[in-house]
Amino acid sequence: ATSFYPPKLSTRDVEYLDEVKEPHEVLGFVTVSTERRQKMEEIIERMKKEAAALGGDAITNITMNDGRGSKTKIAGAKLFTNAHIRSTFTATIVAFK
């Protein structure tokens, strides 16, 4: 059974992690569709806003789907590029136990 996690007051309470090492529960997934030339920081901020509403502590495992069926895991340095094509980004929302 999924526990209830109260919403976070700010996206600053949600972190982005390349990988989650501590015990956690997956609360769900967030998907963001982008327009051309959107900064990854803005995309991550939108994901954190959704995660905060669900009471998540972190987002992780960000993938990009370019609309042509190609899925790419986004990590580290790639987080600071721009999304040049219309893409859909998905992240896992987790809460620590």
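Going by the structure above, here's the rest.
Residues numbered from 1 in each chain as written. Predicted model: local features only at pLDDT ≥ 70, side-chain atom pairs only at ≥ 80, totals over all residues. Heavy atoms only, no water.

Engineer: Run through the side chain of Thr-90, naming residues and quoting values.
Structural biologist: Secondary-structure assignment places Thr-90 in strand S7 (residues 88-96). A polar contact is formed between the side chain of Thr-90 and the side chain of Thr-31, at a distance of 3.4 Å. With residues up to four places along the chain from it excluded, the contact list for Thr-90 reads Phe-29, Val-30, Thr-31, Met-47, Asn-61, Ile-62 and Thr-63. (Helix = DSSP H or I, 4+ residues; strand = E, 2+ residues; numbered from the N terminus. Polar contact = N/O pair within 3.5 Å; in protein donor to acceptor, adjacent residues only side chain to side chain. Contact = heavy atoms within 4.5 Å.)

Engineer: Break down the environment of Thr-72 for me, citing the residues and quoting the values.
Structural biologist: One can find Thr-72 in strand S5 (residues 71-73). What makes Thr-72 partly exposed here is its relative accessible area of 28%. Expressed as a C-alpha distance, the spacing of Thr-72 and Phe-89, which sit 17 residues apart in the sequence, is 9.4 Å. (Buried < 20%, exposed > 50% of the residue type's maximum accessible area, 1.4 Å probe, protein only.)

Engineer: Could you give an account of the pairing of strand S4 (residues 58-65), naming the residues involved and the relevant values?
Structural biologist: With 6 of 8 residues buried, S4 is to be regarded as a mostly interior element. Judged from the 6 bridges that link them, S4 and S7 form a sheet pairing that is antiparallel. Within S7, the position partnered with Met-64 by the bridge is Phe-89. By the bridge criterion, 3 bridges tie S4 to S5 in an arrangement that is antiparallel. Across the sheet, Asn-65 pairs through a bridge with Lys-71, a residue of S5. Connecting S4 to the antiparallel partner S5 that follows it, the hairpin turn spans 5 residues, and Gly-67 within it adopts a positive phi of roughly 85°. (Pairing = 2+ DSSP bridges.)

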